[in-house]
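# Structural characterization, general
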Amino acid sequence: METYLITGGAGFIGSNFIQYMLKKYQNIKIINIDKLTYAGNLENLKSIENNEKYNFIQADICDKTAISKIFIENDIDYVVNFAAESHVDRSIKEPEVFVKANVLGTVTLLNAAKDTWKTENGFKEYKKYIQISTDEVYGSLGETGYFTETTPLDPHSPYSSSKASADLIVKAYYDTYKMPINITRCSNNYGPYQFPEKLIPLIINNCLNNKELPVYGDGLNIRDWLYVEDHCEAIDLVVQKGRIGEVYNIGGHNERTNIHIVKTIIDYIKENIDDIITYDLIKHVEDRKGHDRRYGIDPTKIKKELGWEPKTTFEEGIIKTIKWYLENGKWMNNVTNGEYQEYYKKMYNK
Ligand code: NAD
Ligand code: DAU
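Residues numbered from 1 in each chain as written. Chains lettered and ligands numbered in written order. Predicted model: local features only at pLDDT ≥ 70, side-chain atom pairs only at ≥ 80, totals over all residues. Heavy atoms only, no water.

Per an unreviewed UniProt entry, the chain carries the name dTDP-glucose 4,6-dehydratase and comes from Clostridium homopropionicum DSM 5847. Among the UniProt annotations of the chain, the heading Catalytic activity (unreviewed entry) holds the following wording: "dTDP-alpha-D-glucose = dTDP-4-dehydro-6-deoxy-alpha-D-glucose + H2O". Taken from UniProt, the Sequence similarities (unreviewed entry) comment for the chain reads in full: "Belongs to the NAD(P)-dependent epimerase/dehydratase family. dTDP-glucose dehydratase subfamily." (UniProt positions renumbered as here; feature names shortened; annotations may be inferred.)

Here it is, written out as structure tokens:
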């Protein structure tokens, strides 16, 4: 039985990954450690909380003592580090928080893993540390071209700079100690359990509450969208088959402008829920400072080496996602401290 240490498993992608893995494999054990910041929510894991192969520990990845204890008490085979401060706008306001969680947290985890996995001649076999990074470390693209694994790092926000710093530390552990690692760099995820500070759940939430829809700048910035389950599948493949020391970009050529995303959500809600929701709700607001113009992943390496391709098109994924939020008003209501109340009441108390 293999033991996975998943960090940040109460957040958006981590909670999807834990559910994906427990559904797919019978013979694994998962330990989820999460500090439970504003973004961590144990409700995301309700469906598996009593699974005997799953264990939750509330801990900060920066807490050396707590992390070492977990490594001493458990024979960890894989670390998959999702834990991070993840929202660009927050990083512009509070950069230190990001450096602490994303950089110091990563080095604390790496050290604990190195100390328990090292042998006289190197490292125990079949152990690996996987760093979940982001395409934002590459900076911003012009109208053409894509990020490959060899694109130079050129992060712009405090968030992406902290993630790039963490990537370099992980690389240093491979270069210096030959520690078994992989780094994955994924494009924008969307799907169930995403905190409604991020574009897609925020716009869905605001539409349902008939509130203004804030679009930064001209709305023509481009992101490369990936349905979260496709990301989980890719990470699983990297854990199982990724070549030691390698970086894998994850994305599937689903580039869309922000304004297209917002209009797609309005169109669905107008047609299916409430026809008072129109484009009039769109409000172009002040642009994000240092706003990256375009992200676009070249996924050739992961496709060629690991046979991964995304299964969900943006058109399918966005409908699945909107439906999930419509069906989970209670979840949205809880994470927004009642902000979702109006829609929730309309839907369930009629
Ligand atoms: P999220 O903000 O939803 O979740 C982060 C989780 O980490 C939360 O549960 C939080 O409580 C936990 N956490 C934060 N600081 C911690 C600490 N010091 N110790 C322990 N736990 C801590 O983020 P997400 O969107 O699920 O992103 C997960 C990872 O994937 C991040 O590393 C992010 O950089 C990366 N990523 C995200 C995306 C995306 O589109 N969301 C895309 C590419 C990469
Ligand atoms: O590319 C991967 C990254 O994607 C991850 O590493 C980050 O953790 C994740 O948060 C995400 O970063 P973005 O900044 O791209 O995501 P966000 O949802 O914050 O914004 C998406 C785009 O929408 C971006 O161009 C800014 C814009 N936006 C965002 C918000 C919240 C708006 O126009 N209005 C908004 O209210």
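Right, picking up where we left off after that structure.
All right, on to the side chain of Q19 then. With respect to the helices, strands and loops of the structure, Q19 is situated in helix α1 (residues 12-24). A polar side-chain atom of Q19 sits 3.3 Å from a polar atom in the side chain of S47. Those residues in contact with Q19 that sit more than four places away from it in its chain are N44, S47, I48 and Y193. (Helix = DSSP H or I, 4+ residues; strand = E, 2+ residues; numbered from the N terminus. Polar contact = N/O pair within 3.5 Å; in protein donor to acceptor, adjacent residues only side chain to side chain. Contact = heavy atoms within 4.5 Å.)

This part covers the packing of aromatic side chains. With the rule as written, the count across this model stands at 16 aromatic pairs. Between F17 and F82, the aromatic rings sit 5.4 Å apart at their centres with planes inclined by 50°, giving tilted as the arrangement. Remark: F82 occurs in the loop between β4 (78-81) and α3 (88-93) and F17 occurs in helix α1; sequence separation between them is 65 residues. With relative accessibility at 0%, the residue F17 sits in the buried group. Residue classification places F82 among the buried positions, given a relative accessible area of 10%. Summarising the aromatic geometry, the rings of Y190 and W225 are spaced 6.2 Å apart at their centres and angled 80° between planes, so their arrangement reads as edge-to-face. Placement of Y190 in strand β7 (residues 188-190) and of W225 in strand β9 (residues 222-227) is noted, with a sequence separation of 35 residues between them. Taken as a pair, Y190 and W225 share a single burial class, namely buried. Members of the aromatic cluster, joined through ring pairs, are Y190, W225, Y227 and F314. Across from the ring centre of Y38, 3.5 Å away, lies the NZ or CZ of R90, which sits over that ring. (Phe/Tyr/Trp six-rings, centres within 6.5 Å; stacked < 30°, edge-to-face > 60°. Buried < 20%, exposed > 50% of the residue type's maximum accessible area, 1.4 Å probe, protein only. Lys NZ or Arg CZ within 6 Å of the ring centre and 35° of its normal.)

Enumeration over the complete set of coordinates arrives at two cavities of 30 Å³ or more. There is about 60 Å³ of room inside the largest cavity. What lines the largest cavity is V88, E136, H156, S157, R223, R288, K289, G290, H291, D292 and Y295. Its boundaries defined by the atoms lining it, the second largest cavity holds a volume of some 30 Å³. (1 Å grid on protein atoms, 1.4 Å probe; cavity = no way out; pocket = protein on both sides within 12 Å on 5 of 7 lines; lining within 4 Å. Points joined across faces, edges and corners; volume = space filled by probe spheres on them.)

Taking the numbering used here, the UniProt-annotated feature "domain: NAD(P)-binding" (unreviewed entry) corresponds to residues 5-320. Taken end to end, residues 5-320 is 40% helix and 18% strand, and its first and last C-alpha atoms sit 29 Å apart.

The three strands lie next to each other as β7-β9-β11, forming an open sheet whose pairing is mixed. Each edge of the open sheet is held by one strand with a lone partner, namely β7 and β11 (255-257). Here the strands of the sheet are splayed against their neighbours by 50° on average, with no regard to which way each runs. In this sheet, β11 lies alongside β9 in antiparallel orientation, the contact comprising three bridges. (Pairing = 2+ DSSP bridges. Axes fitted to C-alpha atoms, helices over the stretch in contact; angles between N-to-C directions.)

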